[in-house]
Structures are given as C-alpha cells and as structure tokens.
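Structural overview for review
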Amino acid sequence: MSRYRPPTPRGSKFITPEGASRLKQELDHLWRVLRPQVTQAVSEAAAQGDRSENAEYIYGKRQLREIDSRVRFLRQRLEGMTVVDQPPKDRNRVFFGAWVTLEDDDGEESEYRIVGPDEFDVAKRYLSMDSPLGKALLRKARDDEVRVEVPGGMKTYVVVGVRYEDGVDS
C-alpha cells in the first residue's frame, strides 16, 4: 500500500472583499501578535534547562509549527486569490457574490450567498461555490429548477430571486 496521497484541490480562487480582509487580518494577527508571544514563551522555556522533558518547550515548539504552517497557507492562498468586488453584468443570473432565494419542495424559502471556499459559513448562510448546491446554482436564473444530491436522495429547489450587494434585485 502506497503512502502517496494526491494533493487536495485548493478550491476556487475567488473571494469577496470582506473575506480577503478577514484572511489578511488573521495573517497579520498570527504573524505580528501570536507568533512573537509564542516565540518568547519558547525562549523562556528553553532557558529552564533540559528541553527533552520540558512540556512548555515541547508544546511551544508545536504551536510555532502550527502557526508557521497556517501563515504559509494564508500567504499562498491570498497570493493567488481574485477579489471580486463588482457584480456581474447579467444580474439576472446567479454568479459569485449573489444572494439567492430558493424554495424547496415543501414551499419553504431560504436565502444563501454564493462565496468562495475560504469564507463559507452556515450561520451567515454563506454557501461555497464549490459545494454541490453552489455548483448547481451557478448561472441559474429566477424560476430555474435546481436538483442536488443530498444524503437523503435528490432535493429539488426553485430559484425565487437573485440579488447582489448593492441592493439591485432581479
């Protein structure tokens, strides 16, 4: 059995201005605040002597590796991102950044915003454009039917409305 694991796809390269700002703030906090604090703690733990049995030193080094890994990921991710700050020309169709109102088979309505994979959030009703529902919704217009495979089988939605941040509805 091989230990080779194919690289996981990084997802779409689109992000909203709010999402880019949040990632930049996280990167800044990790690099300018958290990393210096942990580095100081590791230095103090190292000064105590035997590092092989020093739990603070071992834990601090592990924390530094995790911080450095996240910093590398954020820098690479932000470098390749495209910030989408303008609505598309065709505001009647679902594209990145759209708020989409859906009606399911039971007549219940729900609204989701199509965002990049780095900013999806169930509580805010942000839906990744790489998710099955997000992919199915792209390029759809009002009154279009969308079928999505869910754990319980197929689910059908109807697009009731499409709007973009500037308040222009379709």
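Use the structure listed above.
Residues numbered from 1 in each chain as written. Predicted model: local features only at pLDDT ≥ 70, side-chain atom pairs only at ≥ 80, totals over all residues. Heavy atoms only, no water.

What follows deals with unusual backbone geometry. With phi around 65°, Arg-125 is a residue other than glycine that occupies positive phi space. Within the element layout of this structure, Arg-125 appears in the loop between strand 4 (109-115) and strand 5 (126-128). One non-glycine residue, Arg-139, lies in the positive phi region at around 75°. Turning to its location among the elements, Arg-139 is positioned in the loop between helix 3 (132-137) and strand 6 (145-150). (Helix = DSSP H or I, 4+ residues; strand = E, 2+ residues; numbered from the N terminus.)

With that settled, consider the pattern of salt bridges. Tallied over the entire structure, the rule returns eight salt bridges. Of the charged contacts, one joins Arg-77 and Asp-118 as a salt bridge, the two residues approaching to 2.7 Å between their closest N and O atoms. Linking Arg-77 in helix 2 (residues 55-79) with Asp-118 in the loop between strand 4 and strand 5, this pair joins segments that are 41 residues apart in sequence. Exposure remark for Arg-77: the relative accessible area of 3% places this residue in the buried category. Across the pair Asp-104 and Lys-155 runs a salt bridge, and its minimum N-O distance is 3.9 Å. Pair noted here: Asp-104 is in strand 3 (residues 99-104) and Lys-155 is in strand 7 (residues 153-163), with a separation of 51 residues, a long-range link. Residue Asp-104 is classed as buried on the basis of its relative accessible area of 15%. (Salt bridge = Lys/Arg side-chain N within 4 Å of Asp/Glu carboxyl O. Buried < 20%, exposed > 50% of the residue type's maximum accessible area, 1.4 Å probe, protein only.)

When you line up the elements, Tyr-59 lands in helix 2. Between the alpha carbons of Tyr-59 and Ala-47 there is a distance of 15 Å; along the sequence they are 12 residues apart.

Moving on, we come to helix 2. The end-to-end C-alpha distance of helix 2, which contains 25 residues, comes to 36 Å, matching closely the 36 Å that a straight helix rising 1.5 Å per residue would cover. When we look at burial in helix 2, the residues that qualify are Tyr-57, Gly-60, Leu-64, Ile-67, Val-71, Leu-74, Arg-77 and Leu-78. Regarding helix 2, its N-cap is Asn-54, as a side-chain oxygen of that residue lies 3.2 Å from the backbone nitrogen of Glu-56 further along. (Expected span 1.5 Å × (residues − 1). Polar contact = N/O pair within 3.5 Å; in protein donor to acceptor, adjacent residues only side chain to side chain.)

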